[in-house]
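Structural features, examined
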Amino acid sequence: MRVLFASSEIYPYVKTGGLGDVAGALPQALLRQGIDVRLLLPGYPEIMSKLSDRRVIGKLAELEEYDAQIIMGKLDNGLISYVIDAPHFYNRASPYGYEGGKDWPDNYLRFAAMGFAARDIVQKHKSWVPDIVHGHDWQCGMIPVYLKEFIKRSCPKTIMTFHNMAYQGLFPYAALPALKIPATLFSPEGIEFYGQIGFLKAGLQYADALTTVSPTYALEIQEPDMGCGLDGLLRHRHRDLTGILNGVDTAIWNPEQDPFLVKNYSVESPGGKQENKRALLEELDLQLVPKKPVFVVISRLVPQKGLDLLPQAARVVLERGAGLVILGTGDAALEEELRNLELRWPGQVSVRLEYNEALAHRIIAGADCVIIPSRFEPCGLVQMYGLRYGTIPLVRRTGGLVDSVVGEGKKMDGFIFDDADPLDLALCLLKAYEAYKKPAQWSAMQKRGMAKDVSWDASAMHYKQLYNRLAGR
Ligand code: ADP
């Protein structure tokens, strides 16, 4: 089974969120399942510099004036990769846009290129023809369109996985000629989305199979309030839609071997966690009364993540002496509001407005409880890191959070609240605070979480089954 796995980001080279983590880990897990996976990636400098054994596969005719070509090589993660070498498009400060959240204006061409390249690989690189082309998110949404429009015989099957319906890759009609597709495709049955070109819509319309990153999210997005205008199309295609829960890269997120920790620990010998807590408090200059829990957040600071609920809700535990650590970047107004918490509760609250991978590891290891109050959450990874590190997740009842955390009963390994409302979050924080006072119960929850299988192997198995089904095997 040959699979061309296309993604616009990949850990550890380029990552803006969960997609990067998935693309970094899932192909490796698929290889372990015996699948012959190759990657298709944009040629960001971070990727070009890690590519060895290079060989030019061909030029992209549509991007001739930019001298764009496909290079095949081996990334230093061991995977054979096709990379779009086009410095004009990818040699930029960040993958999708510039400061202040503005998209690069030529994103339609930068990512239509993923479609041009996928088609050329299938058509011209005869020594390795994929059975399946598996693309992710709107950046790969045009891949099924170019394959289906231009390859009439023996077209590989296509899968579109979307990690967040809120990011749709919408572009003005004026971009259509540059995409080099028949103008008739610009229709509601094609790539049009309310008068614009929709790359995610295109993928959902054209791919043979659709997947998203948790079973609960797969259901939620078929409803108007979560479907971001595409719920009708998803209801129409519900038979082709599956939710497959993401996993965690257990080589990177493993408290037994994590090089960022002051002391490694495991479910059998959990003692080291306390040392990480002490070190974290010291690093962040927090002075807590002994035996108080530390709550943490590691997140993009955007409305989706529900962190605007936190300043009001967190008071109930801060008044009782708990600690709060926030690591994130995003909306300026929210950053300011969270900063104010630090001023209001000196020695108890630490807010770090930065992206810091190493600190994220130390925070997860040193904390007692990780808060994820998302309004919606397609899958979410941070709650799974929490489970693995004995840092109990406190989450809102939505999407993948529901599919990965058990909030009650004998298998309880986290806390779940229902409403995106500061009061509901506050009550849940209080519940966690009280539970922390009962060490036996707390440690039983930690152990259940740490023993849970959140690795990629189970997910990779589901993808393999889907590949086999699509390829008729
Ligand atoms: P999303 O993809 O919506 O951002 P996920 O929970 O799926 O949410 O993935 C977020 C990823 O980004 C996790 O790996 C998390 O640790 C990481 N992350 C988010 N913010 C930061 C930050 N400020 N510093 C370090 N890592 C971060």
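The following refers to the structure shown. Everything numeric in this text was worked out from a predicted model, so none of it was measured. (Residues numbered from 1 in each chain as written. Predicted model: local features only at pLDDT ≥ 70, side-chain atom pairs only at ≥ 80, totals over all residues. Heavy atoms only, no water.)

1. A look at the site of the ligand
The ligand sits among 19 residues. The nearest are Gly18, Arg300, Lys305, Glu354 and Leu381. The side chain of Lys15 places a nitrogen or oxygen atom 3.1 Å from an oxygen atom of the ligand. At 2.9 Å from an oxygen atom of the ligand is found a main-chain nitrogen or oxygen belonging to Leu381. Protein burial of the ligand: of its 560 Å² of free accessible surface, 92% is covered by the chains. Among the elements that line the shell around the ligand, the one with the most residues is strand E15 (residues 294–301), at 3 residues. Each residue belonging to the shell around the ligand can be placed in one class, and the counts come to 7 nonpolar, 6 polar and 6 charged. (Near = heavy atom within 4 Å. Polar contact = N/O pair within 3.5 Å; in protein donor to acceptor, adjacent residues only side chain to side chain. Areas by Shrake-Rupley, 256 points an atom, 1.4 Å probe, with all protein chains shown as cover. Helix = DSSP H or I, 4+ residues; strand = E, 2+ residues; numbered from the N terminus. Nonpolar A, V, L, I, M, F, W, Y, C, P; charged D, E, K, R; others polar.)

2. Looking at the sheet that holds strand E8 (residues 132–136)
With mixed pairing, the 9 strands of this open sheet are ordered in space as E3-E4-E5-E2-E1-E8-E9-E13-E14. The open sheet has two edge strands with one neighbour each: strand E3 (51–59) and strand E14 (241–243). For this sheet, the mean angle separating the axes of adjacent strands, direction not counted, is 25°. The sheet strands contacting helix H19 (residues 456–470) are strand E1 (2–6), E8, strand E9 (157–162) and strand E13 (209–212), and the helix crosses E9 at an angle near 150°. (Pairing = 2+ DSSP bridges. Axes fitted to C-alpha atoms, helices over the stretch in contact; angles between N-to-C directions. Contact = heavy atoms within 4.5 Å.)

3. Some details on the sheet that holds strand E11 (residues 192–193)
Hydrogen bonds between backbone atoms are what pair the strands of a sheet, whose relative direction is either parallel or antiparallel. Within the open sheet, the 3 strands sit side by side as E10-E12-E11. Their pairing is antiparallel. Every interior strand has two partners, whereas the edge strands, strand E10 (170–171) and E11, have only one. Note: E10 against strand E12 (residues 196–198), 2 bridges, orientation antiparallel. The residue bridging Leu170 from the neighbouring strand is Gly198, located in E12. Across the sheet, helix H7 (residues 199–206) lies against E10, E11 and E12, angled at about 55° from E12, the strand it touches most.

4. Things to note about the packing of helix H1 (residues 18–32) against H19
Angle between the axes and distance between the axes are the two parameters that describe a pair of packed helices. Direction vectors running N to C along H1 and H19 enclose 70°, while the axes themselves pass 9 Å from each other. Comparing the axis directions of H1 and H19 gives the class roughly perpendicular. Pair H1 / H19 crosses with right-handed handedness. Only Trp456, Asp457, Ala460, Tyr463 and Tyr467 of H19 make contact with H1, whose side of the interface consists of Val22, Ala25, Leu26, Ala29, Leu30 and Arg32. (Parallel < 35°, antiparallel > 145°, perpendicular 65-115°, else oblique. Left-handed = near helix turned anticlockwise from the far one by under 90°.)

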